Amino acid sequence: MGLLDIRNLTVDFPSRRGTFTAVRDVALDVQRGEIHGLVGESGAGKSTIGNAIMGLLEPPGRIASGEIEIEGRRIESLPPEEMRKVRGKTVSMIFQDPLSSLNPLFTVERQLVETIREHNRMSEREAKAFAVDLLDQVGIPKPAERVAQYPHQFSGGMRQRVVIALALCSNPDLVIADEPTTALDVSIQAQILNLIRSLCTERNVGVILVTHDMGVIAETTDRVAVMYRGRIVERGATRKVLGDPDHEYTKSLVAAVPRPDVRLHRFPMVSYIEGPAREFEAIDLGKHWLGQGRRDASNDRHENLIELRNLEMDFETRRSIFPSRRRHFRAVDGVSLQIREGEIFGLVGESGSGKSTVARLISGLYTPTGGEILFDGTDIARLGASAERRPFQRQMQMIFQDPYSSLNPRMRVADIVAEPIRHHNLASGGAERRAVVEDLLEHVGLGREAARKYPHEFSGGQRQRISIARALATRPRFLICDEPTSALDVSIQAQILNLLKDLQEELRLTLLFISHDLPVMRQMCHRIGVMQNGRLCEVAETEDLFERPQHPHTQELVRLMPRLDYLSRRGLDMEPAHA
Amino acid sequence: MSETRQIAPDERRGILARSLDSDLLHSFLASKVTVLAAIVTAVFFLGALLAPLIAPHDPFDLRQISIMDSLVPPAWSDMGDPRFLLGTDDQGRDILSAIMYGARISLAVGFCSVILAAIIGITLGLVAGYVGGFTDTVIMRIADVQLTFPAILIALLINGSVHAVMDVTREQSAFWVLVVSIGLSFWVQYARTVRGSTLVERNREYVQAARVIGVHPIRIMIRHVLPNVMGPVLVIATINLALAIITEATLSFLGVGIPPTQPSLGTLIRIGQDFLFSGEWWITIFPGFALAALVLAVNLLGDWLRDALNPKLR
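For clarity, every value in this text was computed on a predicted model and none was experimentally measured.

## Side note on the overall build of chain B
Thinking step 1. Summing up its helical and strand segments, chain B has 12 helices and 0 strands in all.
Thinking step 2. Tracing chain B from N to C terminus, the helices and strands come up as α-α-α-α-α-α-α-α-α-α-α-α.
Thinking step 3. Considering chain B as a whole, with its 314 residues, one finds that 48% of them fall into the buried category.
Thinking step 4. By sequence separation, contacts in chain B at least 24 residues apart represent 70% of the contacts at least 6 residues apart.
Thinking step 5. For chain B, the exposed surface amounts to about 14900 Å²; the carbon and sulfur share of it is 69%.

## Concerning the overall build of chain A
Thinking step 1. Within chain A, the secondary structure is distributed over 19 helices and 22 strands.
Thinking step 2. Relative to a compact globule of 579 residues, whose C-alpha radius of gyration would be 25 Å, chain A shows 26 Å and is just as compact.
Thinking step 3. The principal-axis extent of the C-alpha atoms belonging to chain A is close to 80 × 60 × 50 Å.
Thinking step 4. Put simply, chain A has 579 residues, and 55% of those count as buried.
Thinking step 5. The contacts in chain A between residues at least 6 apart in sequence include a share of 71% that link residues at least 24 apart.
Thinking step 6. Mean positive and mean negative side-chain charge positions of chain A (76 and 79 charges, respectively) differ by 4 Å.

## Here's the deal with the packing of helix H9 (residues 205–213) of chain B against helix H10 (residues 217–253) of chain B
All names here are of chain B.
Thinking step 1. Between H9 and H10, the least distance of the axes is 11 Å, while the angle of their chain directions is 170°. Considering the angle they form, H9 stands roughly antiparallel to H10. Side by side, H9 and H10 meet where Tyr206, Val207, Ala210 and Arg211 of the first sit next to Ile220, His224, Val225 and Asn228 of the second.
Thinking step 2. When the residues that make up the contact of H9 with H10 are grouped by side-chain class, the tally is 5 nonpolar, 2 polar and 1 charged.

## Some points on the sheet that holds strand E18 (residues 478–482) of chain A
Residue and element names in this part refer to chain A.
Thinking step 1. What the 6 strands build is an open sheet, ordered E17-E18-E19-E14-E20-E21; its pairing is mixed. Bordering the open sheet on either side are strand E17 (396–399) and strand E21 (535–541), each of which pairs with just one other strand. Direction aside, neighbouring strands of the sheet carry axes that sit 20° apart on average.
Thinking step 2. Running over the sheet, helix H16 (residues 490–507) touches strand E14 (344–348), E17, E18 and strand E19 (510–515) and is turned about 160° from E19.

## What about empty space enclosed by the protein?
Residues and elements named next belong to chain A.
Thinking step 1. Under the defined criterion, the tally for this structure stands at 4 cavities of 30 Å³ or more.
Thinking step 2. Estimated volume of the largest cavity: approximately 80 Å³.
Thinking step 3. Lining the largest cavity are Ile94, Ile164, Leu168, Val175, Ala177, Ile196, Leu199, Cys200, Val205 and Val207.
Thinking step 4. The set of elements that each furnish at least two residues to the lining of the largest cavity consists of helix H6 (156–168), strand E7 (174–178) and helix H7 (186–203).
Thinking step 5. Here the element with the most residues in the lining of the largest cavity is H7; it accounts for 3 residues.
Thinking step 6. For the lining of the largest cavity, the per-class residue count stands at 10 nonpolar, no polar and no charged.

## So, the UniProt feature "domain: ABC transporter" (unreviewed entry) in chain A
Thinking step 1. Mapped onto this numbering, the UniProt entry annotates "domain: ABC transporter" (unreviewed entry) at residues 4–254 and 306–558 of chain A.
Thinking step 2. For the annotated span residues 4–254 of chain A, helix accounts for 40% and strand for 27% of the residues, and the straight-line distance between the end C-alpha atoms is 27 Å.

## Some details on the pattern of salt bridges
Residues and elements named next belong to chain A.
Thinking step 1. Following the criterion strictly, the structure yields 44 salt bridges over all chains and no others.
Thinking step 2. Close ionic contact of Glu34 with Arg223 constitutes a salt bridge, the shortest N to O distance being 2.8 Å. With Glu34 in the loop between strand E2 (18–30) and strand E3 (35–39) and Arg223 in strand E9 (residues 223–228), this residue pair connects regions lying 189 residues apart in the sequence.
Thinking step 3. Residue classification places Glu34 among the buried residues on the basis of a relative accessible area of 8%.
Thinking step 4. Of the charged contacts, one joins Asp246 and Lys240 as a salt bridge, the two residues approaching to 3.3 Å between their closest N and O atoms.
Thinking step 5. The class for Lys240 is partly exposed, based on a relative accessible area of 38%.

## Notes on the packing of aromatic side chains
Thinking step 1. One pass over the structure, following the stated rule, counts 8 aromatic pairs over all chains.
Thinking step 2. Note on Phe315(A) and Tyr366(A): the rings are 5.4 Å apart at their centroids and 80° apart in plane angle, and the pair reads as edge-to-face. Of the two residues, Phe315(A) is situated in strand E12 (residues 304–318) and Tyr366(A) in the loop between helix H11 (355–363) and strand E15 (370–375); the sequence distance between them amounts to 51 residues.
Thinking step 3. Relative accessible area serves as the criterion here: at 29%, Tyr366(A) is assigned to the partly exposed category.
Thinking step 4. Considering the side-chain rings of Trp281(B) and Trp282(B), the 5.8 Å spacing of their centres and the 85° angle between planes classify their relative orientation as edge-to-face.
Thinking step 5. We classify Trp281(B) as partly exposed; its relative accessible area is 38%.
Thinking step 6. The buried category is assigned to Trp282(B), whose relative accessible area is 6%.

## Structural notes on the sheet that holds strand E1 (residues 4–15) of chain A
Residue and element names in this part refer to chain A.
Thinking step 1. Read across the sheet, 4 strands follow the order E2-E1-E4-E5 without closing on themselves; strand pairing throughout is antiparallel. A strand with exactly one partner marks an edge of an open sheet, and here the two such strands are E2 and strand E5 (73–74).
Thinking step 2. By the bridge criterion, 2 bridges tie strand E4 (residues 62–70) to E5 in an arrangement that is antiparallel. Bridging from a neighbouring strand, Glu69 pairs with Arg74 of E5.

## Details of helix H10 (residues 248–255) of chain A
Residue and element names in this part refer to chain A.
Thinking step 1. Of all the 8 residues making up H10, 6 are buried; the element is thus mostly covered by neighbouring parts of the structure.
Thinking step 2. Among the residues of H10, Tyr249, Thr250, Ser252, Leu253, Val254 and Ala255 are the ones counted as buried.
Thinking step 3. Of the surrounding elements, those touching the buried residues of H10 are helix H8 (214–220), E9, strand E10 (231–237), helix H9 (238–243) and H16.

## Some details on unusual backbone geometry
Negative phi values dominate among residues other than glycine, just as trans dominates among peptide bonds.
All names here are of chain A.
Thinking step 1. If you check the backbone angles, Glu179 has positive phi at about 45° while not being a glycine.
Thinking step 2. In this fold, Glu179 is placed in the loop between E7 and H7.
Thinking step 3. Positive phi values are uncommon outside glycine, yet Asn533 reaches one of about 50°.
Thinking step 4. Among the structural elements, Asn533 can be located in the loop between strand E20 (527–532) and E21.

## Some thoughts on helix H19 (residues 552–560) of chain A
Residue and element names in this part refer to chain A.
Thinking step 1. Restricting attention to buried positions, one finds in H19 the residues His553, Thr554, Leu557, Val558 and Leu560. Down the axis, H19 shows its buried residues gathered within 165° of arc, on one side only. Opposite the buried face of H19, at more than 90 degrees from it, the exposed residues are Pro552 and Arg559.
Thinking step 2. Buried-residue contacts for H19 involve H7, helix H17 (518–524), E20, E21 and helix H18 (542–547).

## Topic: the UniProt feature "transmembrane region" (unreviewed entry) in chain B
Thinking step 1. According to UniProt, the positions carrying the feature "transmembrane region" (unreviewed entry) are residues 33–55, 105–131, 143–162, 174–194, 225–246 and 281–305 of chain B.
Thinking step 2. The span residues 143–162 of chain B is 85% helical and 0% strand by assignment, and the distance between its end C-alpha atoms comes to 22 Å.

## Description of the side chain of Asp314(A)
Residues and elements named next belong to chain A.
Thinking step 1. Turning to its location among the elements, Asp314 is positioned in strand E12.
Thinking step 2. The exposure class of Asp314 is buried, given its relative accessible area of 18%.
Thinking step 3. Separated by 2.8 Å, the side chains of Asp314 and Arg330 make a polar contact.
Thinking step 4. Ignoring sequence-local partners within four residues, the contact set of Asp314 consists of His328, Phe329, Arg330 and Thr369.

## Remarks on the environment of Glu343(A)
All names here are of chain A.
Thinking step 1. Among the structural elements, Glu343 can be located in the loop between strand E13 (327–340) and E14.
Thinking step 2. Classification of Glu343 by relative accessible area gives buried; the value is 6%.
Thinking step 3. Residues Glu343 and Leu512, spaced 169 residues apart in sequence, show a C-alpha to C-alpha distance of 8.5 Å.
Thinking step 4. Once residues lying within four places of it in the same chain are set aside, the contact partners of Glu343 are Gln338, Gln504, Leu509, Thr510, Leu511, His526 and Arg527.

## Side note on the pairing of E17(A)
Residues and elements named next belong to chain A.
Thinking step 1. By the alternation rule, side chains of E17 split into Met396 and Met398 and Gln397 and Ile399, which are all buried.
Thinking step 2. Pairing between E17 and E18: 4 bridges, direction parallel. Within E18, the residue paired with Met398 across the bridge is Ile480.

Cut-offs applied
Residues numbered from 1 in each chain as written. Chains lettered and ligands numbered in written order. Predicted model: local features only at pLDDT ≥ 70, side-chain atom pairs only at ≥ 80, totals over all residues. Heavy atoms only, no water. Helix = DSSP H or I, 4+ residues; strand = E, 2+ residues; numbered from the N terminus. Buried < 20%, exposed > 50% of the residue type's maximum accessible area, 1.4 Å probe, protein only. Contact = heavy atoms within 4.5 Å. Areas by Shrake-Rupley, 256 points an atom, 1.4 Å probe, with all protein chains shown as cover. Rg over C-alpha atoms; globule rule 2.2 N^0.38 Å. Lys, Arg positive; Asp, Glu negative; His and termini not counted. Charge placed at Lys NZ, Arg CZ, Asp CG, Glu CD. Axes fitted to C-alpha atoms, helices over the stretch in contact; angles between N-to-C directions. Parallel < 35°, antiparallel > 145°, perpendicular 65-115°, else oblique. Nonpolar A, V, L, I, M, F, W, Y, C, P; charged D, E, K, R; others polar. Pairing = 2+ DSSP bridges. 1 Å grid on protein atoms, 1.4 Å probe; cavity = no way out; pocket = protein on both sides within 12 Å on 5 of 7 lines; lining within 4 Å. Points joined across faces, edges and corners; volume = space filled by probe spheres on them. UniProt positions renumbered as here; feature names shortened; annotations may be inferred. Salt bridge = Lys/Arg side-chain N within 4 Å of Asp/Glu carboxyl O. Phe/Tyr/Trp six-rings, centres within 6.5 Å; stacked < 30°, edge-to-face > 60°. Arc of directions from axis to C-beta. Polar contact = N/O pair within 3.5 Å; in protein donor to acceptor, adjacent residues only side chain to side chain.

Structure (structure tokens):
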């Protein structure tokens, strides 16, 4: 008998349009002292399992059949009041966003003491001592002082430690961690995972780790269950499942994970997920619409398409009419770099490092405080009139991170993609414009029927394809991709990265690719720049950066990459290492 | 809406958005009060629109009214006359017909002033929210100052000054003066709401994408931002329609609105008030009841619309 036993669990969400079965016939067991992973893409039902164990299914969700046992005691049919006791006492939960799982108006002490006294017979004084002790256990320095502070005084990683301390208040037997590190930077993610690991062994509790991140699963868990559309398709020791998967879905999922140690030519086309993108015909740039209006390569072309010279950007953090009282935050601090014509240049860094600000400066969304941005030899930062800017706006487009907010929900896809064509007068009339839009949609793998629909009818990956079609519609030379795949599932990410690579080679585009994800960078970029605190610490050829990082910050980032060396390499189209 | 919330994010968006219309219909039919309110509103609209065709009498046609028929009580009382279902007023006009014609004017003033207020408010709100900075400060301070005066006081002021400055008779100008004064006193709410939503939408990536393409700010405001901030505006408009009708009635009751020769609901109530203590209660009670029913029905519709749309306003 394990700590947790789930048999034939089915969870339904009935609605007036029929019943949606989020979890179907799931069996799972967790032992003390083990971390059990639950991995799958969005909508697979992995969080629903966690909520079902906690008794926190939101109505109208209900457990349709099956049994949940904790140490031999059935809990799925307990009355709410009994369930509430189980919830706090034997099972507790760590949520994704540390900011919203703490009450901003209470001190950490008050939140901890309240929870401790709810579950233990303790005096106020004892509970306070216990709270300090807990903070110490989760690795918060100077716990006696920090306990009296408010959540906003803690950094993201420290806040997640407080949330973990909160989950430990009742000495639980089972902890459910639902994407505990998704909102955190890589370096902090590693610390939090280590903490969970050591707490699990020291306190001999069982942990269910719910995540979509294969790296986290590979590094942390002992056993793993892979979920697809509400079912567990494969289950077993992590090394076996990821290293030698049996099920087709697991195979395609593992194949789609960007590897930190090898560079793939293209990700394998997986047939299991979201109808495969259709193959498109190769474009002859000499004849195709996308090739028109390009300047000939022999003309006065600069080797560096983009050159940043000592770029600086300040944001006002305190406004005042007196200059002496104004306060600034320097988001970009003296960045100089060159992007060569036809290359994919990567910019990597943790949140707040200034990489997105650089993208926005180049695209003209922000005006720099200082420095120059040369586009093909012209300083575009200092252009005044919109007539002067126009030709540069046409040659430079941007793909955004969030596919759900980057498309206007009230416009048809045809109008979204046609807007740049209309604005820059790139088509001779309505008929040609329609033809071009359909051709572009076809080309990004969506098909011409997409033109008549609205954005909400598409999934995240398809929306990102629409964004790419819109960006191509100005016939750009330079494309800025700001975390284009970080909101997408791993299999869809693989498809979008393939598409970007195809388009880049075919249309001879220059790309600025921004990401926090080093393995993705390794697959995409020719050269990579590393940013920290607004400064550029290192620029190097991709292979050099991974094999021989120079700057301490780069070394740290490379060291913290999840080691995925035992993952199955079946069916991968690897590129020979660069000489 | 809440029933589909737990379904996986991708699927949820699809289902939710696809069925917006039918969900709206479903929540409409589920609320009996709302259905009743819609029926009442529809009856008033039809009655007002078709008044010349279906009203038993024409209260403005001097050949049809006779002083002999004045002050007839409702048809079901002892002294009643079957020709006048709700009785007549002091000039022998049929109250039922007068209510139908009066609702015509009340609704017309309500609609026109709401449209005027919405146009002013949406424009200023969009500009304030999108441009920001100094422009925003100026527009919103003006709005704050206007909020410190009661709407009726402002309407009275505008009404009074127009009559003082312009040389027009009351019969000619009353309608448009009412519309302008009510419209000008109600724009603030639209401006505030639109500004708030615009501040959110402005930072969304689709607006930034349009800026990267180089689309002109005015076009971004109209084509990209405006359609995405219209949801709350619709709700305010419904609730303000009821408010505008009341304000019109109040102004007419105070004697600065529509003249008694073309009575609106408010004017009818004012006329009837003189007879309240001499026992002719029907002259003021029936128009008063009609006004209350219309305003309540429109308000209930607005409330329902707000609740039905709210979960999707992000």
